[in-house]
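Chain by chain, the residues run as shown.
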Amino acid sequence: MVKTVGLNFAYPGEQSFNFPDIDLVPGEHLLLLGPSGIGKTTLLHLLSGILPASAGKIVIDTTEITALDRKSLDKFRGANVGLIFQQYHFIKSLNVDENLQLRQHFPKKIKDKERRYRLAERLGLSGQLKKKVSQLSQGQQQRLAIAQGVIHQPKVVFADEPTSNLDDTNCDNVVQLLKDEADISKSSLVIITHDQRVSQHFSNQIVL
Amino acid sequence: MNLIYLAYRNMISKPLNLVLSLLLLVLSVTLVTFILQLSKQLNGQIDKNIDPIDMVVGAKGSPLQLVLSSVLHIDVPTGNIKLDEANSIKNHPFVGSAIPVSYGDNYKGYRILGTEFAYFESYGAVLQGGRYFEKSFEAVVGSSAAKKLGLKIGDVFTSSHGLLASSTDVHEDHPYTVVGLLEPTGTVIDQLLICNLESIWDAHAHVDENHEEHPGEEHDHDHGDEEHDHESHGDEVDDHDKELEITSLLVKFKSPLGLVQLPRFINENTNMQAALPGFEIQRLMGLLGTGVTTINGIAIAILLVSGFSIFISLLKTIRERRQELALLRTYGLGTQKLLRLVLFEGLLLAFLGFLFGWLLGRLALIGASSYLESGYGYVLQIKGPDLVEFLFLGVTLLIAIVAVLLASTSIFKLNISKTLADV
């Protein structure tokens, strides 16, 4: 599902990162564990194709995304990749439900109200659907970010430090939610974190 | 959930910013559409009013005033002329028709015009009901005047002296009876109460006799005798005829030569003056035209500044929404779609501004209409957008498109990875 070979990235005039090869079979989940400052976010951006690699190749599903032009890459990412960022990003002018509608609409033009409502229910956001994003609590925003990552049933979901600000109980809950939702969406889940607490949930781990 | 909806939501997400960036555009569109409509409608209406009349002959004074008062009925007359002098022009070979008009009274601000049947014909006015006047103190009422005054056939009203509604000098002993109502013509005739010339003479002869010539009680008897003489002796009728006055004579030429010769002849050889409505109105519009051009110039300048303000507002929006735009890129939207998103927002903004401005312009027109109606009896029509306004909308949208293209260069340089990682 996700396969990388000889991946390297260098910021202009700064340090360069070499990443270990990844080979993830479909339906499997993966934890990428490593301390701060070794380019974890960079790796996630490389894998999701929002940052072009300096060298090496990345294959997602059966598509070599490092070989795609920008337009095809945008399309491919929109349809097949789900992203959960460390900092949450939403469209502030839209309410919670509209944010999810928007994610469903691009680029596959799906309209699936039932899936949105089921997902919101599982994530405890049912009562929040008509609210503005800015009215949500921190925890609700986190769950909305998860919803955003999986609502369009991507092939693979990348999550960047999803547990960094959570206590132990919530940490377990969020990781479980992520795994459950990924399973329901039939997506592979790739979590990248420095948080050791997450490691117990994953059999498949790569330490960076 | 398409781009247009998203653009709309983005646009209204900060109402105060929206108002600020629309203000100038609204102001400019209001000014331009209002001035365009006003000058167009006034010109059209005036053209229609002066069309049946080639020349006005009246008392000496300002020719423009003569035209404004006798043709458009929005000014006071220059004075009176003798009927027999006016009649001498009637017989000139170049003159096609010559209609005497006499006025000086009003009913609740609507002018009472003494004239002949030909006046109706010249404006193509036809009866909606009733009949034309046959004797003195029978009035045929124009459609707007009838509507405003609530006059119906058979109604009786008394005129008051002067042309303003505020006049208290009422000719109570000579009430008019409404005998006919006119169809709307879209000309000045809609605003008039029309009777025969004799009505005006009689009403005023009586006033003059009562107040000036025969102030004493003992003369009342003589007065009666005089009227008796009047009817029996032909000489005296002629004498009286010489004293009869009208306000002006409305002339239509038979031959274009009349236009060349008659005005000069009248102005040089008689106590009267001849004024050409077409010429005078053109002169007036030339003066007003400078004002219209100036206001339009100011409005266009405001429009350009408003384009700049839309540009600044979009630039600010794009900077503030950098992360959202980057997020949309991860959703699979290419730079072209993001550009389209901003374009939609800019166009919506411009369209909304235009719409509000246009509506305000029409509102101003309604205000101007009620002012003009109470002051001058002119009614402006409130119509849908015309061709010029559609062109103006096009210009506005074009300015918005330029503003978007200038503001959106940063979209092409957007670094998704860096933008999303920034807190």
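Treat the numbers as computed from the prediction; the structure is a model and nothing was measured.

Draft legend 1. The arrangement of the overall build of chain B in detail. Each helix and strand counted, chain B has 16 helices and 13 strands in total. The burial tally for chain B puts 47% of its 423 residues in the buried class. At a minimum sequence separation of 6, the contacts of chain B that also span at least 24 residues come to 79%. Surface exposure of chain B reaches about 20,500 Å², of which carbon and sulfur atoms provide 61%.

Draft legend 2. Molecular detail of the overall build of chain A. The number of helices and strands found in chain A is 6 helices and 10 strands. Taken over C-alpha atoms, the radius of gyration comes to 17 Å for chain A, in line with the 17 Å a tight globule of 208 residues would show. Counting only C-alpha atoms and orienting by the principal axes, one finds that chain A spans roughly 45 × 40 × 35 Å. Here chain A holds 208 residues, and 54% of them are scored as buried. In chain A, of all internal contacts separated by at least 6 residues, the share reaching a separation of at least 24 is 70%. For chain A, the exposed surface amounts to about 9,000 Å²; the carbon and sulfur share of it is 48%. Considering chain A, the positive charge centre built from 25 side chains and the negative charge centre built from 22 side chains are found 9 Å apart.

Draft legend 3. Main features of the side chain of A:Arg77. When you line up the elements, A:Arg77 lands in helix α2 (residues 70–80). On the basis of relative accessible area, A:Arg77 is assigned to the buried category, the value being 2%. If sequence neighbours within four positions are ignored, A:Arg77 has contacts with A:Ser48, A:Gly49, A:Ile50, A:Arg103, B:Arg329, B:Thr330 and B:Ile416.

Draft legend 4. Fine view of the interface of chain B and chain A. Between chain B and chain A, the contact holds 27 residues from the first and 27 residues from the second. A buried area of about 2,600 Å², summed over both sides, lies between chain B and chain A, and 58% of it is on carbon and sulfur atoms. For the interface between chain B and chain A, the tally reads 3 salt bridges. Of the charged contacts in the structure, one is a salt bridge between B:Arg9 and A:Glu98, with a shortest N-O distance of 2.7 Å.

Draft legend 5. Quick peek at helix α3 (residues 63–70) of chain B. Residue and element names in this part refer to chain B. Of all the 8 residues making up α3, 6 are buried; the element is thus mostly covered by neighbouring parts of the structure. Where α3 is concerned, the buried positions are Leu64, Leu66, Val67, Leu68, Ser69 and Ser70. Where α3 begins, the side chain of Ser62 points an oxygen toward the backbone nitrogen of Leu64, at a separation of 3.3 Å.

Draft legend 6. Representation of the packing of aromatic side chains. The final tally for this structure, using the stated rule, is 15 aromatic pairs over all chains. Ring geometry for B:Phe117 and B:Tyr132: centres 4.7 Å apart, planes at 85°, overall edge-to-face. Taken together, the residues span a long stretch of sequence, with B:Phe117 in the loop between β4 (110–115) and α5 (118–122) and B:Tyr132 in the loop between β5 (127–130) and β6 (138–141) at a distance of 15 residues. Residue B:Phe117 is classed as partly exposed on the basis of its relative accessible area of 39%. For B:Tyr132, a relative accessible area of 23% gives the class partly exposed. On the basis of an interplanar angle of 65° and a centroid distance of 5.2 Å, the ring pair of B:Phe137 and B:Tyr176 is categorised as edge-to-face. A residue pair is termed long-range when its members are at least 10 positions apart, and B:Phe137 in the loop between β5 and β6 and B:Tyr176 in strand β9 (residues 176–182) qualify at 39 residues. Here B:Phe137 matches B:Tyr176 in class, with each residue buried. Taken together, the aromatic side chains of A:Phe9, A:Tyr11, A:Phe17 and A:Phe19 make up a single cluster linked through ring pairs.

Draft legend 7. Looking closely at the domain arrangement of chain B. Residues and elements named next belong to chain B. Split by domain assignment, chain B resolves into domain 1 (3–46 + 289–421) and domain 2 (55–275). Taken together, the contact pairs 7 residues of domain 1 with 6 residues of domain 2. When domain 1 packs against domain 2, close to 570 Å² is buried across both sides, 53% of that on carbon and sulfur atoms. The interface formed by domain 1 and domain 2 holds 0 salt bridges in total. The tally of links between domain 1 and domain 2 comes to 0 residue pairs in polar contact (both at pLDDT 80 or more). For the side of domain 1 that touches domain 2, the secondary-structure elements that each account for two or more residues are α2 (15–50) and α13 (335–376). Along the lines of polarity and charge, the residues of the side of domain 1 that touches domain 2 split into 4 nonpolar, 2 polar and 1 charged.

About the thresholds
Residues numbered from 1 in each chain as written. Chains lettered and ligands numbered in written order. Predicted model: local features only at pLDDT ≥ 70, side-chain atom pairs only at ≥ 80, totals over all residues. Heavy atoms only, no water. Helix = DSSP H or I, 4+ residues; strand = E, 2+ residues; numbered from the N terminus. Buried < 20%, exposed > 50% of the residue type's maximum accessible area, 1.4 Å probe, protein only. Contact = heavy atoms within 4.5 Å. Areas by Shrake-Rupley, 256 points an atom, 1.4 Å probe, with all protein chains shown as cover. Rg over C-alpha atoms; globule rule 2.2 N^0.38 Å. Lys, Arg positive; Asp, Glu negative; His and termini not counted. Charge placed at Lys NZ, Arg CZ, Asp CG, Glu CD. Buried area = accessible area lost by both parts, 1.4 Å probe. Salt bridge = Lys/Arg side-chain N within 4 Å of Asp/Glu carboxyl O. Polar contact = N/O pair within 3.5 Å; in protein donor to acceptor, adjacent residues only side chain to side chain. Phe/Tyr/Trp six-rings, centres within 6.5 Å; stacked < 30°, edge-to-face > 60°. Domains from an automatic or database assignment. Nonpolar A, V, L, I, M, F, W, Y, C, P; charged D, E, K, R; others polar.

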